[in-house]
Amino acid sequence: MRTARWRAALRTPLGATAAAGSLALLVLAVAGPVLWGSAAEETDVASMNQPPSGDHLFGTDDLGRDVLARVLVATRTSLGLALGATAIGIALGLILGTLPVVLGQRLGRMVVALVNFLVAFPALLLALFFAVIFGLDARGAMLAIGMAIAPSFARLVQTLSASVAGRDYVSAARIAGVGRFRLIRRHVLPNIAEPLVVNATMGAGGALLAFAGLSFLGLGVQPPTYDWGRLLGEGLGRIYVNPAAALAPGVAVVVAGLVFALLGETCAAVLGVRTGRGPVAGRARHAEQPESGKEAAGTGGDTVLHVDNLTVAFPAERGTSRAVDGVTLGVRAGEAVGIVGESGSGKSLTALSAAGLAPASATVSADRLDVAGVPVLASSEAQLRDRLGTSVAMVFQDPTSSLNPSMRVGRQLGEIAQTHDGTSRAEGLRRAVERLTWVHIPDPQMRAGQFPHEFSGGMRQRAMIGMGLMGRPQLMIADEPTTALDVTVQREILRLLRDVQHDSGAAILLISHDIAVVSQICDRVLVMYAGRIVEELPVDRLDGGAVHPYTRALLASVPDMSTPQDVPLATIAGRPPEPSERSPGCAFAPRCAFADDLCRSTDPVLEVVGPQQRAACWHPQRAESVSGGTAGEMPGGTAGQSPEQTPARVTTGDDQ
Amino acid sequence: MTGPLVFEDVHIRFGSGSRATWAVRGVDLEVPPGSVVGLVGESGSGKSSLAKAAVGLVPVASGRIELGGVDQSGRTLRRRRVQMVFQDPYSSLDPRMTIGESISEALPRGIRRAERRTEVARVLELVDIDPWRATSLPGDLSGGQRQRIALARALAARPDVVIADEITSALDVSVQGSVLNLVRDIQRELDLAVLLISHNLAVVRYVSDVIAVMRSGRIVEFGGGDEVLERPEHPYTQLLLESVPRIGSALGPSDHATRRE
Ligand SMILES: Nc1ncnc2c1ncn2[C@@H]1O[C@H](COP(=O)(O)OP(=O)(O)OP(=O)(O)O)[C@@H](O)[C@H]1O
Ligand code: SF4
Ligand SMILES: [Mg+2]
């Protein structure tokens, strides 16, 4: 996989150029002195300071030596010194950078402060300073440049290792008794290696330039040795006699520097490190137009969300993978509908697509996708923003990601009224305070003047809902709005959503992995599995009325406040298929106790199985077929066994 | 058996000076050998801080945390008899290390190479993972499997006490059940003491013998599971119980009077 990515990178123009350039430099460094060593040393007083000619392509220097030969021979010295300096910089940087992890808090902080102090100086200034201290020769310059680039490298290592050191696996290793040095060697370094490699490669280019600079100033390599910087210095002295003598080493420095930069970029592309140049590969959003004239069934005049045969696909290794696969649903005005399903079942994508917010890499298609009367797929992004901006409200799990941290909450809400309704700033703010009152934020006047970080999690979620209410939402889409909250706060937010629905008449589409949460405020529940709706039922049928084996297993596997303690919980063996590995037939078949050949070969479709209830299953389980009602006896996967057989333990390693 | 894990008047502080916040303000708690103590409470109430202090990841400001007469709160304890399983199965295993290496690292010192292999296989079997998985990287495993492996790593250290901090809250509901079953089975099989931390009352109730309710850095209620949940005395425990969403139960009116017209 990794090698495949390198190989693929080699086929890109960037990668190919970088590889060819590095190879050329390497060959030159190795073979240069052998091939042209004598030519570069051969003095010829008769032909001093000659301009370019057939014999000497770039002319000669003031001892009559061939400039081109000298530039080629200097590759080894120049690269060697640059790499040496980089190595010193990296070594010092690694030591300084990981020291805080080793030293513990107080001393560590001092090291961080020192590094921050050193980083404040320009590297070249530091290099000059150290060069004077370490002496005016190649070794001194190498040390100087190494030390000059160390601080910035140290800071990178510090930031990276601090983030890794905060990870649970490092904590776990600590608890397990792993020593500090071992911790760094085994856990920290390997996990920060990739960005470091990228940075070191680019750093080498910088070191090369810095070295050329020092030698040029006469601080680096001393005669009789020479590097590109030295040659450049000598050439510049005679620029009016033979400009080519200055040009050749200059070009060499630039080319070698470029090669390092390209190499760094290639590494970054392969290793997935960002260098601040935007994504490596981007794919434009592609929305298929709805087939004209095709009318979906069951359209009511009062539907605020109408989704017919929605498919959301992503480019995958082989072809595309359909994360949402033919979902049809409708939400009527003022109705509350819940979508439940496990992680990856496609519930978020369904909701996001409905609001025209599917990720850019997704291909969204549907026979029909209308929200609040707006055809989502046929509208441009600007049109959507304009028309859905006030009629659809989104509430996400993490309100911090949708509130601007640097803007006062009141301003933020007020701005919506300003942009969409053209109100004055004062009116916007007044409305914002009113909405904050609606969502039960105490002392709304004062809170409107605060920043989001001054709010608690529950309050931020309220503010988010308040933001949705700034317009006149016909539909409020809430994606796991309470998952990050405590049960007590969760209950308040759910009550708030219910009140908002009652008072404003907005319909609600509530997405959650927790069927109990959904049951609290919804009228209807849609159960999703592997990108499809597998069951749709009224909330009051949840208790005992579900017929799809997956819904039933889901209900049985969650402990509630009356689950008997001495019986193992029902489990569903295996895990949901990834979108790319879905096989024909019912997606739940590998985990289903009732699966037969029909299930494995043919996909069941949603069919009416009762009043307001539909299920996609060849063998819907009626309530009568449940023997007991205790969790352990629930049909579905291994859960079908009786408690004495301890269902949990028979599932083996390759599941769950 | 080394006796109970004892928290005695534990205080934990983050930051210093005027910016200091007290995460834990005087907790006394005992986790007896072979029993499961459930710790519930709202986020920010100090549950995880308490857990981390017991394994030396955060320092205690005052008070003691002891197991069999040995202080557990220091950073440098050679062999920890208290181990911890973390919430997020995606960040608790080193992505660069194979499962086997991660687990092997946690084995007590002085175990020979050959024995390490069998020991790793043994703990993997304990958590129902095929021992051949030892050579897999965490990236190849699902969340539930990773959480089993995190548990296996904790068990590899031959602990007397395992602290499980929200170990199922990042898992899918269908997987949660099997991890909970596993924790229960292993606890009984190895006669471990377990401190199970969760904000999910139903989870805590299902697994625990004793339940402690924490709020604002203090334990406000403590007692047998049925006792605490059936006859909660502290108003916060009552509120917590009422707030659990249940299928078929009503949500109740808003606590706030400021309804819109
Ligand atoms: N930007 C993306 N690129 C590629 N695949 C994606 C992208 N976003 C989602 N997917 C895939 O689509 C599928 C459904 O994702 P979705 O976010 O809708 O799931 P979900 O049911 O909301 O899950 P969760 O409970 O974890 O939020 C998953 O398999 C996911 O990996
Ligand atoms: S169609 Fe078959 S495999 Fe699928 S859920 Fe129904 S019984 Fe199970
Ligand atoms: Mg989601």
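Definitions and limits used
Residues numbered from 1 in each chain as written. Chains lettered and ligands numbered in written order. Predicted model: local features only at pLDDT ≥ 70, side-chain atom pairs only at ≥ 80, totals over all residues. Heavy atoms only, no water. Helix = DSSP H or I, 4+ residues; strand = E, 2+ residues; numbered from the N terminus. Buried < 20%, exposed > 50% of the residue type's maximum accessible area, 1.4 Å probe, protein only. Contact = heavy atoms within 4.5 Å. Rg over C-alpha atoms; globule rule 2.2 N^0.38 Å. Lys, Arg positive; Asp, Glu negative; His and termini not counted. Charge placed at Lys NZ, Arg CZ, Asp CG, Glu CD. Domains from an automatic or database assignment. Buried area = accessible area lost by both parts, 1.4 Å probe. Salt bridge = Lys/Arg side-chain N within 4 Å of Asp/Glu carboxyl O. Nonpolar A, V, L, I, M, F, W, Y, C, P; charged D, E, K, R; others polar. Near = heavy atom within 4 Å. pLDDT = per-residue confidence, 0-100. Core = buried A, V, L, I, M, F, W, Y, C linked by side-chain atoms within 4.5 Å. Pairing = 2+ DSSP bridges. Axes fitted to C-alpha atoms, helices over the stretch in contact; angles between N-to-C directions. Polar contact = N/O pair within 3.5 Å; in protein donor to acceptor, adjacent residues only side chain to side chain. Areas by Shrake-Rupley, 256 points an atom, 1.4 Å probe, with all protein chains shown as cover. Patch = residues over 30% accessible without salt bridge, like charges linked within 9 Å, V, L, I, M, F, W, Y side chains within 5 Å. UniProt positions renumbered as here; feature names shortened; annotations may be inferred.

An unreviewed UniProt entry annotates chain A as Peptide ABC transporter ATP-binding protein originating from Phytoactinopolyspora halophila.

J.: Describe the overall build of chain A, listing the residues and the values that go with them.
T.: In terms of regular secondary structure, chain A is built from 22 helices and 14 strands. Burial analysis of chain A (656 residues in total) assigns 51% to the buried set. Counted over contacts in chain A with a minimum sequence separation of 6, partners at least 24 positions apart contribute 65%.

J.: Can you tell me about the overall build of chain B, naming the residues and giving the values?
T.: For chain B, the count of helices and strands is eight helices and 10 strands. Its C-alpha atoms give chain B a radius of gyration of 19 Å, within 12% of the compact-globule value 18 Å for 261 residues. The principal-axis extents of the C-alpha atoms in chain B amount to approximately 70 × 45 × 35 Å. Across chain B, every contact between residues at least 6 apart in sequence was considered, and the portion connecting residues at least 24 apart equals 67%. On chain B, the mean spot of the 32 positive side-chain charges and the mean spot of the 33 negative ones are 7 Å from each other.

J.: Residues and numbers for the domain arrangement of chain A, please.
T.: The domains assigned to chain A are domain 1 (2–42 + 64–271), domain 2 (292–529) and domain 3 (542–637). On a C-alpha basis, the centres of domain 1 of chain A and domain 3 of chain A stand 60 Å from each other.

J.: Any chance you could break down the interface of chain A and chain B for me, citing the residues and the numbers?
T.: Taken together, the contact pairs 73 residues of chain A with 77 residues of chain B. Summing both sides of the interface, chain A and chain B together bury roughly 6600 Å²; the carbon and sulfur share of this comes to 51%. Across the chain A-chain B interface, the total number found is three salt bridges. Broken down by secondary-structure element, the contributors of at least two residues to the side of chain A that touches chain B are helix H7 (168–175), helix H8 (180–216), helix H14 (425–438), helix H17 (487–504), helix H18 (515–521), helix H19 (542–545), helix H20 (549–557) and helix H22 (647–650) of chain A. In terms of residue count, the dominant contributor to the side of chain A that touches chain B is H17(A) (11 residues). Split by residue class, the side of chain A that touches chain B holds 26 nonpolar, 22 polar and 25 charged.

J.: Describe the site of ligand 2, listing the residues and the values that go with them.
T.: Looking at ligand 2, there are 13 residues lining it, with Cys586(A), Cys592(A), Cys599(A), Cys617(A) and Trp618(A) nearest. Considered class by class, the residues forming the shell around ligand 2 number 11 nonpolar, two polar and no charged.

J.: Please set out the confidence of the model for chain A residue by residue, giving values where relevant.
T.: Interpreting fine coordinate detail is not advised for predicted regions of low pLDDT. All names here are of chain A. Of all residues in chain A, 90% attain a pLDDT of 70 or more, and the chain-wide mean is 81. Taken together, the stretch residues 274–300 has pLDDT below 50 and engages in 40 contacts with residues farther than four places along the chain or on a different chain. Here residues 625–656 is modelled with pLDDT under 50, and outside its nearest four sequence neighbours on either side it reaches 74 contacts, counting other chains as well.

J.: Provide a residue-level description of the nonpolar core, including the pertinent values.
T.: Core analysis: the biggest nonpolar cluster contains 60 residues, and Ile465(A), Met476(A), Leu497(A), Leu510(A), Val525(A) and Tyr550(A) have the highest contact counts within it. Each of two domains, domain 2 (292–529) and domain 3 (542–637) of chain A, supplies a minimum of three residues to this core. Residues within four places of Tyr550(A) in sequence aside, it is in contact with Glu342(A), Val527(A), Met528(A), Tyr529(A), Val534(A), Ile572(A) and Phe588(A). In terms of nonpolar packing, the next biggest core, distinct from the first, is built from 55 residues, Val85(B), Ile129(B), Ala164(B) and Tyr236(B) among them.

J.: Explain the sheet that holds strand S9 (residues 210–215) of chain B residue by residue, including any values.
T.: Residues and elements named next belong to chain B. In space, the six strands of this open sheet follow the order S6-S7-S8-S3-S9-S10, with mixed pairing throughout. The strands lining the two open edges of the sheet, one partner per strand, are strand S6 (82–85) and strand S10 (218–224). Strand-to-strand, the axes of this sheet are offset by a mean angle of 20°, without reference to chain direction. Looking at chain direction, strand S7 (residues 161–165) and strand S8 (residues 193–197) are connected through five bridges and run parallel. For Asp165, the partnering residue across the bridge sits in S8 and is Ile197. This element, helix H1 (residues 47–54), spans strand S3 (36–41), S6, S7, S8 and S9 of the sheet and lies at about 140° to S3.

J.: Tell me about the site of ligand 1, and please be specific about residues and values.
T.: Residues and elements named next belong to chain A. Around ligand 1 sit 13 residues in total, of which Ser343, Gly344, Lys347, Ser348 and Leu349 are the nearest. Interatomic distance of 2.6 Å between a side-chain N/O atom of Ser343 and an oxygen atom of ligand 1. At a separation of 2.6 Å, an oxygen atom of ligand 1 approaches a polar side-chain atom of Lys347. Protein contact buries 63% of the 640 Å² of open area that ligand 1 shows by itself. The leading source of residues in the shell around ligand 1 is helix H11 (residues 347–354), at three residues. Of the residues belonging to the shell around ligand 1, the class tally is five nonpolar, six polar and two charged.

J.: How would you explain a nonpolar patch on the surface if you had to name every residue and give the values?
T.: Residue and element names in this part refer to chain A. Together, Phe216, Leu217, Leu236, Ile239 and Tyr240 make up an exposed nonpolar region whose accessible area comes to about 540 Å². Here Phe216 shows up in helix H8. Classification of Phe216 as partly exposed rests on a relative accessible area of 35%.

J.: Talk me through the side chain of Ser136(B); I want residue IDs and the actual numbers.
T.: With respect to the element layout, Ser136(B) can be found in the loop between helix H3 (113–126) and helix H4 (143–156). Apart from the residues lying within four places of it in its own chain, the contact partners of Ser136(B) are Thr98(B) and Ile99(B).

J.: Explain a negative patch on the surface to me, using residue names and the numbers behind them.
T.: Taken together, Asp226(B), Glu227(B), Glu230(B) and Glu233(B) make up a surface patch of like negative charges. Take Asp226(B): it is sitting in helix H7 (residues 225–230).

J.: Just give me the short version of the UniProt feature "transmembrane region" (unreviewed entry) in chain A, but keep the residues and values in it.
T.: Residues and elements named next belong to chain A. Under the local residue numbering, the UniProt record ascribes the feature "transmembrane region" (unreviewed entry) to residues 79–103, 110–134, 196–219 and 239–264. Counted over residues 110–134, helix gives 88% and strand 0%. Its end C-alpha atoms are 26 Å apart. Annotation note: span residues 196–219, helix share 88%, strand share 0%, distance between end C-alpha atoms 29 Å.

J.: Explain the side chain of Glu166(B) to me, and be specific about the residues and the numbers.
T.: All names here are of chain B. By secondary structure assignment, the location of Glu166 is in the loop between S7 and helix H5 (173–190). Buried within the structure, Glu166 lacks any salt-bridge partner; its nearest side chain of opposite charge belongs to Lys47, at an N-O separation of 4.6 Å. Setting aside chain neighbours within four positions, we find Glu166 in contact with Lys47, Gln87, Ile197, Ser198 and His199.

J.: How would you sum up the sheet that holds strand S2 (residues 21–31) of chain B? Please name residues and give values.
T.: All names here are of chain B. Reading across the sheet, the four strands line up as S2-S1-S4-S5 and stay open at both edges, with antiparallel pairing between neighbours. Each edge of the open sheet carries a strand with a single partner, namely S2 and strand S5 (70–71). Judged from the eight bridges that link them, strand S1 (residues 5–14) and S2 form a sheet pairing that is antiparallel. Each bridged residue has a counterpart across the sheet, and for Phe14 the counterpart in S2 is Thr21. Across the face of the sheet, H1 comes into contact with S1, S2 and strand S4 (62–67) while running at roughly 115° to S1.

J.: Which residues make up H7(A), and what are the values?
T.: Each turn of an α-helix holds 3.6 residues, which means side chains three or four residues apart point in the same direction. For H7(A), a buried count of seven out of eight residues is recorded, marking the element as mostly surrounded by other parts of the structure. Residues of H7(A) that are buried: Asp168(A), Tyr169(A), Val170(A), Ser171(A), Ala172(A), Ala173(A) and Ile175(A). Buried residues in H7(A) make contact with helix H6 (138–165) and H8 of chain A together with S6, helix H2 (99–106) and H4 of chain B. Positive backbone phi, at 95°, marks Gly177(A), one or two positions downstream of H7(A).

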